[in-house]
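Single-letter residue listing:
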Amino acid sequence: MRMLNEQKVMRDPIHGYIHVDLQVVWDCINAKEMQRLRRIHQLGGDYFVYHTAEHSRFAHSLGVYEIVRRMLEEVQSLSDYVSAYEKMAVMLAGLLHDLGHGPFSHAFEEISKKRHEEYTVSMILDETGDIYQALVKEHPRLPQDVVSIIQYRYKKECLNQLISGQLDADRMDYLLRDAYFTGTDYGRFDLKRIMRTMRLHDGKIVVKDSGMQSVEDYVMARYHMYWQVYLHPVARSYEKILVALFRRMKTVYQTDPQLLQEVKMFHPFLKEEVADQTALFRLDDCATLYGFSCLQENEDPIIADLAKRLVNRKLFVYETIKDNKQVEDIKHRVSKQGYDLTYYVHVDMISQRPYAPYSGKNEKDAVWILKEDGTVIALEDASVIVQALIHAKVRKDQKIFYPESL
(Lines give C-alpha, C1' and ligand atoms only; values in the text may rest on other atoms or scores of the structure.)
Protein backbone atom coordinates (compact mmCIF):
# COMPACT_ATOMS: atom_id res chain seq x y z
CA MET A 1 0.00 0.00 0.00
CA ARG A 2 1.22 3.44 -0.91
CA MET A 3 1.31 5.83 2.04
CA LEU A 4 1.09 9.61 1.87
CA ASN A 5 4.25 11.53 2.74
CA GLU A 6 2.37 12.89 5.74
CA GLN A 7 -1.07 12.20 7.16
CA LYS A 8 -3.87 14.44 5.92
CA VAL A 9 -6.40 15.67 8.47
CA MET A 10 -9.72 17.41 7.84
CA ARG A 11 -11.73 19.07 10.58
CA ASP A 12 -15.15 17.58 11.15
CA PRO A 13 -17.86 18.72 13.61
CA ILE A 14 -18.89 15.13 14.43
CA HIS A 15 -15.57 13.27 14.67
CA GLY A 16 -13.13 16.09 15.36
CA TYR A 17 -10.81 15.10 12.53
CA ILE A 18 -10.93 12.84 9.49
CA HIS A 19 -7.52 11.10 9.18
CA VAL A 20 -6.11 9.94 5.84
CA ASP A 21 -2.73 8.27 5.41
CA LEU A 22 -3.31 6.05 2.34
CA GLN A 23 -2.63 7.46 -1.11
CA VAL A 24 -5.54 5.57 -2.69
CA VAL A 25 -8.00 7.01 -0.16
CA TRP A 26 -6.73 10.53 -0.83
CA ASP A 27 -6.95 9.95 -4.59
CA CYS A 28 -10.55 8.75 -4.25
CA ILE A 29 -11.52 11.73 -2.11
CA ASN A 30 -10.24 14.02 -4.86
CA ALA A 31 -11.85 12.03 -7.68
CA LYS A 32 -14.61 13.79 -9.63
CA GLU A 33 -17.19 11.20 -8.57
CA MET A 34 -16.55 11.95 -4.89
CA GLN A 35 -16.37 15.72 -5.42
CA ARG A 36 -19.85 15.56 -6.98
CA LEU A 37 -21.18 14.51 -3.57
CA ARG A 38 -20.34 17.99 -2.26
CA ARG A 39 -23.24 19.10 -4.45
CA ILE A 40 -25.77 16.58 -3.10
CA HIS A 41 -27.66 17.41 0.09
CA GLN A 42 -27.53 14.62 2.63
CA LEU A 43 -31.16 15.09 3.68
CA GLY A 44 -32.88 15.96 0.43
CA GLY A 45 -35.86 18.22 1.09
CA ASP A 46 -35.38 18.26 4.87
CA TYR A 47 -33.49 21.54 4.65
CA PHE A 48 -36.89 23.09 3.91
CA VAL A 49 -37.86 21.97 7.44
CA TYR A 50 -34.57 22.35 9.32
CA HIS A 51 -32.89 25.38 7.83
CA THR A 52 -29.35 24.36 8.88
CA ALA A 53 -29.57 20.89 7.29
CA GLU A 54 -27.31 21.97 4.45
CA HIS A 55 -24.72 19.23 4.91
CA SER A 56 -23.66 17.06 2.00
CA ARG A 57 -23.27 13.42 1.04
CA PHE A 58 -19.56 14.19 0.76
CA ALA A 59 -19.26 15.07 4.46
CA HIS A 60 -21.28 11.99 5.42
CA SER A 61 -19.10 9.72 3.27
CA LEU A 62 -15.97 11.04 4.94
CA GLY A 63 -17.62 10.41 8.30
CA VAL A 64 -18.42 6.79 7.45
CA TYR A 65 -14.83 6.28 6.32
CA GLU A 66 -13.55 7.74 9.61
CA ILE A 67 -15.76 5.51 11.77
CA VAL A 68 -14.60 2.43 9.83
CA ARG A 69 -10.98 3.54 10.19
CA ARG A 70 -11.41 3.96 13.94
CA MET A 71 -13.11 0.60 14.32
CA LEU A 72 -10.22 -1.09 12.55
CA GLU A 73 -7.78 0.75 14.79
CA GLU A 74 -9.57 0.53 18.15
CA VAL A 75 -11.22 -2.91 18.06
CA GLN A 76 -8.09 -5.00 18.53
CA SER A 77 -9.63 -8.39 17.76
CA LEU A 78 -10.98 -7.01 14.48
CA SER A 79 -7.66 -5.38 13.60
CA ASP A 80 -5.83 -8.67 14.15
CA TYR A 81 -8.31 -10.63 12.03
CA VAL A 82 -8.18 -8.67 8.77
CA SER A 83 -5.22 -8.02 6.50
CA ALA A 84 -3.83 -4.61 5.62
CA TYR A 85 -5.34 -4.99 2.15
CA GLU A 86 -8.78 -5.76 3.61
CA LYS A 87 -8.56 -2.76 5.93
CA MET A 88 -7.90 -0.58 2.92
CA ALA A 89 -10.79 -2.15 0.97
CA VAL A 90 -13.36 -1.71 3.74
CA MET A 91 -12.30 1.88 4.42
CA LEU A 92 -12.77 2.60 0.73
CA ALA A 93 -16.16 0.88 0.79
CA GLY A 94 -17.18 3.24 3.59
CA LEU A 95 -15.92 6.24 1.67
CA LEU A 96 -17.54 5.28 -1.65
CA HIS A 97 -20.80 3.64 -0.55
CA ASP A 98 -22.98 6.65 -1.51
CA LEU A 99 -21.45 7.59 -4.88
CA GLY A 100 -24.66 6.76 -6.74
CA HIS A 101 -27.02 9.09 -4.90
CA GLY A 102 -29.03 11.42 -7.08
CA PRO A 103 -30.14 14.94 -6.19
CA PHE A 104 -32.45 15.26 -3.21
CA SER A 105 -31.40 11.94 -1.79
CA HIS A 106 -33.80 8.98 -1.72
CA ALA A 107 -36.71 10.86 -3.30
CA PHE A 108 -34.88 10.77 -6.62
CA GLU A 109 -35.05 6.97 -6.73
CA GLU A 110 -38.78 7.25 -7.53
CA ILE A 111 -37.79 9.29 -10.56
CA SER A 112 -34.77 7.34 -11.76
CA LYS A 113 -36.33 3.87 -11.25
CA LYS A 114 -32.89 2.60 -10.28
CA ARG A 115 -31.59 2.35 -6.74
CA HIS A 116 -28.62 4.44 -5.72
CA GLU A 117 -26.72 1.27 -4.74
CA GLU A 118 -26.82 0.13 -8.37
CA TYR A 119 -25.50 3.46 -9.59
CA THR A 120 -22.76 3.30 -6.95
CA VAL A 121 -21.57 -0.05 -8.29
CA SER A 122 -21.68 1.24 -11.88
CA MET A 123 -19.57 4.27 -10.98
CA ILE A 124 -16.96 2.25 -9.10
CA LEU A 125 -16.63 -0.29 -11.92
CA ASP A 126 -16.63 2.29 -14.74
CA GLU A 127 -13.18 1.80 -16.24
CA THR A 128 -13.17 5.37 -17.59
CA GLY A 129 -13.87 6.90 -14.18
CA ASP A 130 -11.43 8.50 -11.76
CA ILE A 131 -12.49 6.18 -8.93
CA TYR A 132 -11.83 3.00 -10.91
CA GLN A 133 -8.46 4.29 -12.08
CA ALA A 134 -7.42 5.20 -8.53
CA LEU A 135 -8.47 1.79 -7.18
CA VAL A 136 -6.96 -0.34 -9.91
CA LYS A 137 -3.69 1.59 -9.68
CA GLU A 138 -3.43 0.39 -6.09
CA HIS A 139 -4.48 -3.21 -6.80
CA PRO A 140 -6.18 -4.81 -9.85
CA ARG A 141 -8.74 -6.60 -7.67
CA LEU A 142 -9.60 -3.60 -5.50
CA PRO A 143 -12.65 -2.27 -7.44
CA GLN A 144 -14.37 -5.65 -7.29
CA ASP A 145 -13.55 -6.18 -3.62
CA VAL A 146 -14.84 -2.74 -2.66
CA VAL A 147 -18.08 -3.47 -4.52
CA SER A 148 -18.31 -6.89 -2.88
CA ILE A 149 -18.18 -5.31 0.59
CA ILE A 150 -20.78 -2.67 -0.31
CA GLN A 151 -23.08 -5.41 -1.62
CA TYR A 152 -22.59 -7.54 1.53
CA ARG A 153 -20.93 -10.33 -0.43
CA TYR A 154 -17.36 -10.30 0.85
CA LYS A 155 -16.03 -13.58 2.24
CA LYS A 156 -15.38 -12.11 5.69
CA GLU A 157 -18.72 -11.30 7.33
CA CYS A 158 -17.30 -8.66 9.66
CA LEU A 159 -16.22 -6.37 6.81
CA ASN A 160 -19.71 -6.45 5.33
CA GLN A 161 -21.16 -5.67 8.77
CA LEU A 162 -19.07 -2.51 9.08
CA ILE A 163 -20.74 -0.99 6.01
CA SER A 164 -24.22 -2.56 5.78
CA GLY A 165 -25.65 -3.94 8.98
CA GLN A 166 -27.99 -3.01 11.81
CA LEU A 167 -25.04 -1.46 13.63
CA ASP A 168 -22.90 -0.12 10.80
CA ALA A 169 -20.71 2.93 10.26
CA ASP A 170 -23.18 4.36 7.74
CA ARG A 171 -26.07 4.56 10.20
CA MET A 172 -23.82 5.70 13.02
CA ASP A 173 -22.53 8.67 11.06
CA TYR A 174 -25.79 9.81 9.53
CA LEU A 175 -27.66 9.70 12.85
CA LEU A 176 -25.05 11.83 14.61
CA ARG A 177 -24.46 14.13 11.63
CA ASP A 178 -28.12 14.64 10.80
CA ALA A 179 -28.97 15.35 14.45
CA TYR A 180 -26.17 17.92 14.63
CA PHE A 181 -27.13 19.76 11.44
CA THR A 182 -30.87 19.71 12.12
CA GLY A 183 -30.26 21.04 15.62
CA THR A 184 -32.10 18.10 17.19
CA ASP A 185 -31.10 15.76 19.99
CA TYR A 186 -32.97 12.68 18.80
CA GLY A 187 -30.09 11.09 16.91
CA ARG A 188 -27.40 11.28 19.57
CA PHE A 189 -25.92 8.17 21.15
CA ASP A 190 -22.63 7.10 22.70
CA LEU A 191 -20.51 6.10 19.69
CA LYS A 192 -17.33 5.89 21.74
CA ARG A 193 -18.90 3.45 24.19
CA ILE A 194 -20.22 1.22 21.42
CA MET A 195 -16.81 1.05 19.75
CA ARG A 196 -15.12 0.45 23.08
CA THR A 197 -17.33 -2.61 23.70
CA MET A 198 -17.16 -4.02 20.17
CA ARG A 199 -15.42 -7.33 19.67
CA LEU A 200 -14.89 -9.90 16.95
CA HIS A 201 -16.35 -13.33 17.76
CA ASP A 202 -16.33 -16.25 15.32
CA GLY A 203 -15.70 -13.88 12.42
CA LYS A 204 -18.55 -11.45 13.12
CA ILE A 205 -18.91 -8.15 14.98
CA VAL A 206 -20.52 -8.39 18.43
CA VAL A 207 -20.99 -5.99 21.33
CA LYS A 208 -20.17 -6.91 24.90
CA ASP A 209 -23.09 -7.14 27.28
CA SER A 210 -21.72 -4.10 29.12
CA GLY A 211 -22.26 -1.98 25.99
CA MET A 212 -25.86 -3.03 25.44
CA GLN A 213 -27.35 0.15 26.94
CA SER A 214 -25.47 2.22 24.37
CA VAL A 215 -26.86 0.04 21.60
CA GLU A 216 -30.37 0.48 23.01
CA ASP A 217 -29.87 4.26 22.87
CA TYR A 218 -28.72 3.89 19.27
CA VAL A 219 -31.86 1.92 18.36
CA MET A 220 -34.09 4.55 19.96
CA ALA A 221 -32.14 7.37 18.30
CA ARG A 222 -32.76 5.79 14.91
CA TYR A 223 -36.48 5.39 15.60
CA HIS A 224 -36.97 8.97 16.75
CA MET A 225 -34.91 10.43 13.91
CA TYR A 226 -37.13 8.71 11.35
CA TRP A 227 -40.30 10.22 12.75
CA GLN A 228 -38.96 13.63 13.70
CA VAL A 229 -36.62 14.25 10.75
CA TYR A 230 -36.58 11.73 7.89
CA LEU A 231 -40.36 11.28 7.70
CA HIS A 232 -41.30 14.85 8.64
CA PRO A 233 -44.52 15.74 6.76
CA VAL A 234 -43.09 18.99 5.35
CA ALA A 235 -40.17 17.07 3.84
CA ARG A 236 -42.65 14.55 2.47
CA SER A 237 -44.65 17.41 0.96
CA TYR A 238 -41.55 18.62 -0.85
CA GLU A 239 -40.88 15.12 -2.17
CA LYS A 240 -44.47 14.73 -3.40
CA ILE A 241 -44.16 17.91 -5.46
CA LEU A 242 -40.74 16.84 -6.75
CA VAL A 243 -42.07 13.47 -7.95
CA ALA A 244 -45.22 15.12 -9.38
CA LEU A 245 -43.10 17.57 -11.38
CA PHE A 246 -41.05 14.80 -12.95
CA ARG A 247 -44.19 12.78 -13.65
CA ARG A 248 -45.64 15.79 -15.48
CA MET A 249 -42.38 16.37 -17.36
CA LYS A 250 -42.41 12.75 -18.52
CA THR A 251 -45.94 13.17 -19.89
CA VAL A 252 -45.06 16.42 -21.67
CA TYR A 253 -41.76 15.00 -22.99
CA GLN A 254 -43.59 12.15 -24.74
CA THR A 255 -45.89 14.53 -26.62
CA ASP A 256 -43.85 17.73 -27.06
CA PRO A 257 -40.18 17.43 -26.00
CA GLN A 258 -39.46 20.93 -27.35
CA LEU A 259 -41.23 22.36 -24.31
CA LEU A 260 -38.39 20.96 -22.20
CA GLN A 261 -35.46 21.98 -24.40
CA GLU A 262 -33.99 24.24 -21.74
CA VAL A 263 -33.65 21.41 -19.19
CA LYS A 264 -31.74 18.79 -21.18
CA MET A 265 -30.09 17.55 -17.99
CA PHE A 266 -33.45 15.95 -17.09
CA HIS A 267 -34.05 14.25 -20.45
CA PRO A 268 -32.37 10.89 -19.65
CA PHE A 269 -34.77 10.55 -16.69
CA LEU A 270 -37.85 11.36 -18.77
CA LYS A 271 -37.36 8.53 -21.25
CA GLU A 272 -38.66 4.99 -20.88
CA GLU A 273 -35.23 3.40 -20.51
CA VAL A 274 -33.24 3.63 -17.27
CA ALA A 275 -30.67 6.43 -17.30
CA ASP A 276 -27.02 5.37 -17.07
CA GLN A 277 -24.46 6.52 -14.52
CA THR A 278 -23.11 9.21 -16.87
CA ALA A 279 -26.51 10.94 -16.88
CA LEU A 280 -26.73 10.67 -13.10
CA PHE A 281 -23.19 12.01 -12.67
CA ARG A 282 -24.16 15.20 -14.51
CA LEU A 283 -27.15 15.73 -12.26
CA ASP A 284 -26.64 17.17 -8.79
CA ASP A 285 -28.63 19.54 -6.58
CA CYS A 286 -27.15 22.60 -8.28
CA ALA A 287 -28.13 21.47 -11.78
CA THR A 288 -31.55 20.32 -10.57
CA LEU A 289 -32.36 23.60 -8.82
CA TYR A 290 -31.23 25.52 -11.90
CA GLY A 291 -33.59 23.37 -13.95
CA PHE A 292 -36.47 24.09 -11.58
CA SER A 293 -35.71 27.80 -11.82
CA CYS A 294 -35.91 27.62 -15.62
CA LEU A 295 -39.15 25.63 -15.50
CA GLN A 296 -40.94 28.41 -13.60
CA GLU A 297 -41.51 30.07 -16.97
CA ASN A 298 -42.49 26.89 -18.83
CA GLU A 299 -45.41 27.02 -21.24
CA ASP A 300 -47.03 24.06 -19.53
CA PRO A 301 -48.93 25.62 -16.58
CA ILE A 302 -48.64 22.53 -14.35
CA ILE A 303 -44.87 22.29 -14.82
CA ALA A 304 -44.49 26.03 -14.19
CA ASP A 305 -46.61 25.94 -11.04
CA LEU A 306 -44.93 22.87 -9.52
CA ALA A 307 -41.48 24.32 -10.26
CA LYS A 308 -42.42 27.60 -8.56
CA ARG A 309 -43.61 25.68 -5.52
CA LEU A 310 -40.27 23.89 -5.23
CA VAL A 311 -38.15 26.99 -5.75
CA ASN A 312 -40.18 29.27 -3.47
CA ARG A 313 -41.22 26.71 -0.82
CA LYS A 314 -44.93 26.98 -1.57
CA LEU A 315 -45.51 23.42 -0.49
CA PHE A 316 -48.69 21.39 -0.23
CA VAL A 317 -50.54 21.45 3.06
CA TYR A 318 -51.43 18.14 4.66
CA GLU A 319 -53.96 16.45 6.91
CA THR A 320 -53.95 13.17 8.77
CA ILE A 321 -56.48 10.89 7.06
CA LYS A 322 -59.37 9.78 9.23
CA ASP A 323 -61.72 8.26 6.64
CA ASN A 324 -62.47 8.01 2.92
CA LYS A 325 -65.05 10.81 3.06
CA GLN A 326 -62.32 13.25 4.12
CA VAL A 327 -60.20 12.21 1.11
CA GLU A 328 -63.09 12.57 -1.31
CA ASP A 329 -64.04 15.98 0.12
CA ILE A 330 -60.48 17.24 -0.35
CA LYS A 331 -60.33 15.91 -3.90
CA HIS A 332 -63.62 17.63 -4.69
CA ARG A 333 -62.41 20.96 -3.30
CA VAL A 334 -59.10 20.78 -5.12
CA SER A 335 -60.78 19.82 -8.39
CA LYS A 336 -63.20 22.74 -8.08
CA GLN A 337 -60.21 25.08 -7.86
CA GLY A 338 -59.08 23.83 -11.27
CA TYR A 339 -56.20 21.60 -10.21
CA ASP A 340 -55.44 18.27 -11.93
CA LEU A 341 -55.81 15.66 -9.18
CA THR A 342 -53.06 13.52 -10.76
CA TYR A 343 -50.45 16.07 -9.73
CA TYR A 344 -52.07 17.96 -6.88
CA VAL A 345 -53.52 15.39 -4.49
CA HIS A 346 -51.31 12.72 -2.94
CA VAL A 347 -52.21 10.11 -0.36
CA ASP A 348 -49.19 8.84 1.55
CA MET A 349 -49.08 6.08 4.14
CA ILE A 350 -45.91 5.28 6.06
CA SER A 351 -45.13 2.93 8.92
CA GLN A 352 -42.07 2.37 11.03
CA ARG A 353 -41.06 -0.41 13.38
CA PRO A 354 -38.65 0.56 16.16
CA TYR A 355 -36.57 -2.56 15.53
CA ALA A 356 -36.80 -5.53 13.18
CA PRO A 357 -35.70 -8.75 14.94
CA TYR A 358 -33.26 -11.21 13.42
CA SER A 359 -35.21 -13.64 11.23
CA GLY A 360 -32.56 -16.33 11.17
CA LYS A 361 -31.97 -15.84 7.44
CA ASN A 362 -29.73 -12.82 6.95
CA GLU A 363 -26.86 -11.94 9.29
CA LYS A 364 -27.17 -8.38 8.01
CA ASP A 365 -30.35 -7.97 10.06
CA ALA A 366 -28.83 -8.84 13.43
CA VAL A 367 -27.04 -7.09 16.27
CA TRP A 368 -25.17 -9.63 18.37
CA ILE A 369 -24.55 -9.34 22.12
CA LEU A 370 -21.62 -11.17 23.74
CA LYS A 371 -22.61 -12.40 27.20
CA GLU A 372 -20.16 -12.78 30.08
CA ASP A 373 -20.25 -16.57 29.75
CA GLY A 374 -19.03 -16.33 26.14
CA THR A 375 -22.37 -17.05 24.45
CA VAL A 376 -23.67 -14.79 21.69
CA ILE A 377 -27.35 -13.92 21.37
CA ALA A 378 -29.40 -11.50 19.27
CA LEU A 379 -30.02 -8.04 20.74
CA GLU A 380 -33.76 -8.63 21.07
CA ASP A 381 -33.10 -11.70 23.22
CA ALA A 382 -30.71 -9.79 25.48
CA SER A 383 -32.53 -6.48 25.86
CA VAL A 384 -35.84 -6.08 27.68
CA ILE A 385 -36.22 -2.65 26.07
CA VAL A 386 -35.73 -3.91 22.51
CA GLN A 387 -38.02 -6.86 23.20
CA ALA A 388 -40.73 -4.41 24.23
CA LEU A 389 -40.15 -2.34 21.09
CA ILE A 390 -40.55 -5.40 18.88
CA HIS A 391 -43.92 -6.24 20.41
CA ALA A 392 -45.12 -2.65 20.40
CA LYS A 393 -47.79 -1.63 17.93
CA VAL A 394 -46.33 -0.60 14.57
CA ARG A 395 -46.71 3.14 14.21
CA LYS A 396 -48.45 4.28 11.04
CA ASP A 397 -49.13 7.70 9.61
CA GLN A 398 -51.43 8.31 6.66
CA LYS A 399 -51.61 11.81 5.29
CA ILE A 400 -53.09 13.55 2.29
CA PHE A 401 -51.16 16.38 0.61
CA TYR A 402 -52.84 19.07 -1.50
CA PRO A 403 -52.54 22.79 -2.42
CA GLU A 404 -53.64 25.32 0.13
CA SER A 405 -56.94 26.93 -0.80
CA LEU A 406 -56.61 30.25 -2.61
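Residues numbered from 1 in each chain as written. Predicted model: local features only at pLDDT ≥ 70, side-chain atom pairs only at ≥ 80, totals over all residues. Heavy atoms only, no water.

Draft legend 1. Structural view of the overall build of the protein. Within the protein one finds 21 helices and nine strands. Considered along the principal axes of its C-alpha atoms, the protein spans approximately 70 × 50 × 35 Å. The buried share among the 406 residues of the protein stands at 57%. Here the analysis covers contacts within the protein between residues at least 6 apart in sequence; of these, 69% occur between residues at least 24 apart. One way to put it: in the protein the 54 positive side-chain charges average out to a point 2 Å from where the 59 negative ones average out. (Helix = DSSP H or I, 4+ residues; strand = E, 2+ residues; numbered from the N terminus. Buried < 20%, exposed > 50% of the residue type's maximum accessible area, 1.4 Å probe, protein only. Contact = heavy atoms within 4.5 Å. Lys, Arg positive; Asp, Glu negative; His and termini not counted. Charge placed at Lys NZ, Arg CZ, Asp CG, Glu CD.)

Draft legend 2. Quick peek at the side chain of Glu-138. Position of Glu-138 relative to the elements: it lies in helix H8 (residues 130-138). Overall, the relative accessible area of 15% leaves Glu-138 in the buried class. At a separation of 3.0 Å, a polar atom in the side chain of Glu-138 contacts the side chain of Arg-2. Beyond its immediate sequence surroundings of up to four residues, Glu-138 is in contact with Met-1, Arg-2, Val-24 and Met-88. (Polar contact = N/O pair within 3.5 Å; in protein donor to acceptor, adjacent residues only side chain to side chain.)

Draft legend 3. Looking closely at helix H18 (residues 324-336). Helix length check: H18 (13 residues) gives 18 Å between terminal C-alpha atoms against 18 Å at 1.5 Å per residue, within 8%. The N-cap of H18, judged by a side-chain oxygen 3.2 Å from the amide nitrogen of Lys-325 a few residues on, is Asp-323. Phi turns positive one or two residues past the end of H18, at Gly-338, with a value near 95 degrees. (Expected span 1.5 Å × (residues − 1).)

Draft legend 4. Examining the side chain of Arg-69 more closely. Note on placement: Arg-69 falls in helix H3 (residues 57-74). Residue contacts for Arg-69: discarding those within four places in its chain leaves His-19 and Met-91.

Draft legend 5. Up close: the pairing of strand E3 (residues 198-201). Going residue by residue along E3, you find Met-198 and Leu-200 tucked away on one face and Arg-199 and His-201 left uncovered on the opposite face. Of the strand pairs in this sheet, E3 and strand E4 (residues 204-208) are connected by four bridges, and their pairing is antiparallel. For Leu-200, the partnering residue across the bridge sits in E4 and is Ile-205. Counting the residues between successive antiparallel strands, the hairpin from E3 to E4 contains two residues, one of them, Asp-202, with a positive phi of roughly 50 degrees. (Pairing = 2+ DSSP bridges.)

Draft legend 6. Geometry of the sheet that holds E3. Ordered in space as E3-E4-E7-E8, the four strands form an open sheet in which the pairing is mixed. Each edge of the open sheet is held by one strand with a lone partner, namely E3 and strand E8 (376-378). On average, each strand axis in the sheet is inclined to that of its neighbour by 45 degrees, with strand direction left out of account. Relative to E8, strand E7 (residues 368-370) runs antiparallel, the two being bridged by three bridges. Residue pairing in the sheet places Trp-368 in a bridge with Ala-378 of E8. (Axes fitted to C-alpha atoms, helices over the stretch in contact; angles between N-to-C directions.)

Draft legend 7. Up close: helix H7 (residues 116-125). Within the sequence span of H7, burial applies to His-116, Tyr-119, Thr-120, Val-121, Met-123 and Ile-124. Close packing links the buried residues of H7 with helix H2 (32-36), helix H5 (84-96), helix H6 (109-112), H8, helix H9 (142-150) and helix H15 (277-281).

Draft legend 8. Region of interest: the packing of helix H11 (residues 169-182) against helix H13 (residues 212-230). Between H11 and H13, whose axes approach to 11 Å, the crossing angle comes to 50 degrees. In this view, H11 runs oblique relative to H13, as classed from their interaxial angle. Considering only the axes of H11 and H13, their crossing is left-handed. Only Tyr-218, Ala-221, Arg-222, Met-225, Tyr-226, Val-229 and Tyr-230 of H13 make contact with H11, whose side of the interface consists of Arg-171, Met-172, Tyr-174, Leu-175, Asp-178, Ala-179 and Thr-182. (Parallel < 35°, antiparallel > 145°, perpendicular 65-115°, else oblique. Left-handed = near helix turned anticlockwise from the far one by under 90°.)

Draft legend 9. Representation of the pattern of salt bridges. What the rule picks out here adds up to 23 salt bridges. Taking the shortest distance from any N to any O, the salt bridge between Asp-284 and Arg-39 comes out at 2.5 Å. With Asp-284 in the loop between H15 and helix H16 (285-295) and Arg-39 in the loop between H2 and H3, this pair connects stretches of sequence that are 245 residues apart. Between Arg-236 and Asp-348 there is a salt bridge; the shortest N-O distance is 2.9 Å. Taken together, the residues Arg-236 in helix H14 (residues 233-255) and Asp-348 in strand E6 (residues 346-352) connect sequence positions 112 residues apart. Both residues of the pair, Arg-236 and Asp-348, count as buried. (Salt bridge = Lys/Arg side-chain N within 4 Å of Asp/Glu carboxyl O.)

Draft legend 10. Spatial organisation of the pairing of strand E1 (residues 3-12). Alignment of E1 against strand E2 (residues 16-22), held across six bridges, turns out to be antiparallel. Pairing of Asp-12 across the sheet is with Gly-16, part of E2. Between E1 and the antiparallel strand that follows it, E2, lie three residues.

Without other data, these values stay purely geometric and don't point to any function.
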